[in-house]
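Close look at the chain arrangement
Take a look at the letters that make up each chain.
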Amino acid sequence: MIEYSQHALERMEQRKYPKEWIELCLDMPDRIVPDPKHSDRIQKLRCIPGHGHMLKVVVPKERAEFVITVYFDRKFPCHHE
């Protein structure tokens, strides 16, 4: 079961990100990269149709079902459109 930090829930509500997007990114990411600022975290990224950049979901390495934060990252463009 996926758990969300208060920060992640606030971002999702502010930006209207449905939980389905986050679940899709966690279950079937297009890319997984280490977090450059936190060695104990990973970043899962996925292109969401209709968006020009990848959705990034940050989770702990040892607890991949806990979402720390979520946002569209301009450093990772999607090339499907």
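Here the structure is a predicted model, which means the values were calculated and not measured. Each residue is numbered by its place in its chain's sequence as written, counting from 1. Only residues with pLDDT of 70 or above have their local features reported here, since the model is predicted, and side-chain atom pairs are shown and tallied only from 80 upward, although totals for entire chains, interfaces and linings are computed over all residues. Heavy atoms from the whole structure form the basis of all side-chain values; hydrogens and water molecules are not counted.

Strands pair, by our definition, only if DSSP identifies at least two bridges between them. To qualify as a helix, a DSSP run of H or I must reach at least 4 residues; to qualify as a strand, a run of E must reach at least 2; elements of each kind are numbered from the N terminus. The four strands lie next to each other as β2-β3-β4-β6, forming an open sheet whose pairing is antiparallel. Only two strands of the sheet have a single neighbouring strand rather than two, namely β2 (31-34) and β6 (69-77). Put simply, the sheet's adjacent strands are angled 35 degrees from each other on average, direction ignored. Relative to strand β4 (residues 53-60), strand β3 (residues 41-46) is paired through six bridges, and the arrangement is antiparallel. Among the inter-strand pairings, R41 is bridged to a residue of β4, identified as P60. Two residues form a contact once any of their heavy atoms are found within 4.5 Å. Geometry is summarised by axes, namely lines fitted to C-alpha atoms with helices restricted to the contacting stretch, and by angles between N-to-C directions that run from 0 to 180 degrees. Running at roughly 75 degrees to β4, helix α2 (residues 19-27) makes contact with β3, β4 and β6 of the sheet.

Everything listed here is a matter of geometry and, on its own, says nothing about what the molecule does.
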